[in-house]
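Observations on the three-dimensional arrangement
Next come the chains, spelled out residue by residue.
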Amino acid sequence: MKKTAKVLALLLSMAMTMSALTACGNDTAATDTQADAAADTEAADTQTDAADTEAADTQTDAAADAEAADAETDAADTGAVATIQDGVLTFGTNPEFPPFEFVAANGVIDQYDGIDMAIAKQIAEENGMTAAIESMEFDSLLIALQNGQIDAVIAGMTVTDERKEAVDFSVPYYTATQVMIVKEDSDIAKASDMADKKICVVQGYTGETCVSDMGYDYEAFKKGTEAVLELVNGKCDVVVIDSATAQKYVDDNEGLKIVEDPDAFDSEEYAIAVQKGNTQLLDMINSAIEAKLADGTISALSAQYLDAEE
Ligand code: GLN
């Protein structure tokens, strides 16, 4: 089984390397688009192949919970830090990102609620474990993962080449894009209209990378709510942030609208991060995500939390 896991890990890492995801587009991206699309298709094929291999293996392999039980020892064998203790799978998140993670009176894991929290709970429980959440700044998540303070990161986190150097990502579970939130009467209709405007982003989010890559000045806030408040108060003209979260803020605040610009902002994929080399945990998470994508669990959760009042 270890050999199978290694082969699978290799296939997955090949697939991930080939799908060189960029956080956002830029003005010179037009000519690159076709090549990117071809590469993406190829990567998608490889991922499907890897998934097929995994599906076939899963049937012949031992039961899923036996595999989970093996995870600690095998991870230790391969030099990865085994961090799962006492059957508690600890996820790090930054609960400032509705509808994926936010604090609520009755959350699915303690006071934490949202699409990601529901997914985390299911992954743990389906594998005979309990899910726990460690709340921290978004910027600290990957460091905490590398230090072994948490087992995995689930935080609406976009897969980027830079982050892939530090951690391993699961198969993606959600596709998003950056959008612009503006006042209803704003004349901003495309990304280049932001050139002479005051732009707000959230520190460490891919939205910050996008605006920075476009060469525009911006102000970075610690939380999405702070950036949106700045916009509502007329102190900034536009907030660049992930699409589903933007929708939540627009629903919750009068007088705002979303402006999309697919030519300027590429699609992004959210995935769960684990320590580099922790293939046992990654395999477990990948199997769970693939099953939840296939049976509609994730789209049902997305619909439920996008419609829900916080
Ligand atoms: N998807 C964005 C990123 O990965 C924002 C994620 C978040 O704030 N939780 O940077």
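This one's a predicted model, so the numbers in the text were calculated from it and none came from an experiment.

1. With respect to helix 9 (residues 243-252)
- Listed as buried for helix 9 are Ala 244, Thr 245, Ala 246, Lys 248, Tyr 249 and Val 250.
- As for helix 9, its buried residues are in contact with strand 2 (96-97), strand 8 (174-183), helix 8 (224-232), strand 11 (238-242), strand 12 (256-259) and helix 11 (297-307).

2. Things to note about the nonpolar core
- In this structure, Leu 89, Phe 91, Ile 123, Val 153, Tyr 173, Ile 181 and Ile 272 are the most contacted members of the largest nonpolar core, which totals 68 residues.
- If you tally residues by element for this core, the top one is helix 4 (residues 115-126), at seven residues.
- Among all residues touching Ile 181, those that are not within four sequence positions of it are Val 228, Leu 231, Asp 237, Val 238, Val 239, Ile 241, Ala 246, Tyr 249, Val 250, Leu 256 and Lys 257.
- Ranked by size, the runner-up nonpolar core spans 16 residues in total, among them Met 194, Tyr 216, Val 240 and Ala 264.

3. A closer look at the site of the ligand
- Taken together, Phe 97, Phe 138, Ala 155, Gly 156, Met 157, Thr 158, Arg 163, Gly 204, Tyr 205, Thr 206, Asp 242 and Tyr 270 make up all the residues around the ligand.
- At 2.9 Å, a side-chain N or O of Tyr 205 approaches an oxygen atom of the ligand.
- A distance of 2.8 Å separates an oxygen atom of the ligand from a polar backbone atom of Thr 206.
- Coverage of the ligand by the protein chains reaches 100% of its 290 Å² of free accessible surface.
- Residue composition of the shell around the ligand, grouped by class: six nonpolar, four polar and two charged.

Conventions we followed
- Residues numbered from 1 in each chain as written.
- Predicted model: local features only at pLDDT ≥ 70, side-chain atom pairs only at ≥ 80, totals over all residues.
- Heavy atoms only, no water.
- Buried < 20%, exposed > 50% of the residue type's maximum accessible area, 1.4 Å probe, protein only.
- Helix = DSSP H or I, 4+ residues; strand = E, 2+ residues; numbered from the N terminus.
- Contact = heavy atoms within 4.5 Å.
- Core = buried A, V, L, I, M, F, W, Y, C linked by side-chain atoms within 4.5 Å.
- Near = heavy atom within 4 Å.
- Polar contact = N/O pair within 3.5 Å; in protein donor to acceptor, adjacent residues only side chain to side chain.
- Areas by Shrake-Rupley, 256 points an atom, 1.4 Å probe, with all protein chains shown as cover.
- Nonpolar A, V, L, I, M, F, W, Y, C, P; charged D, E, K, R; others polar.

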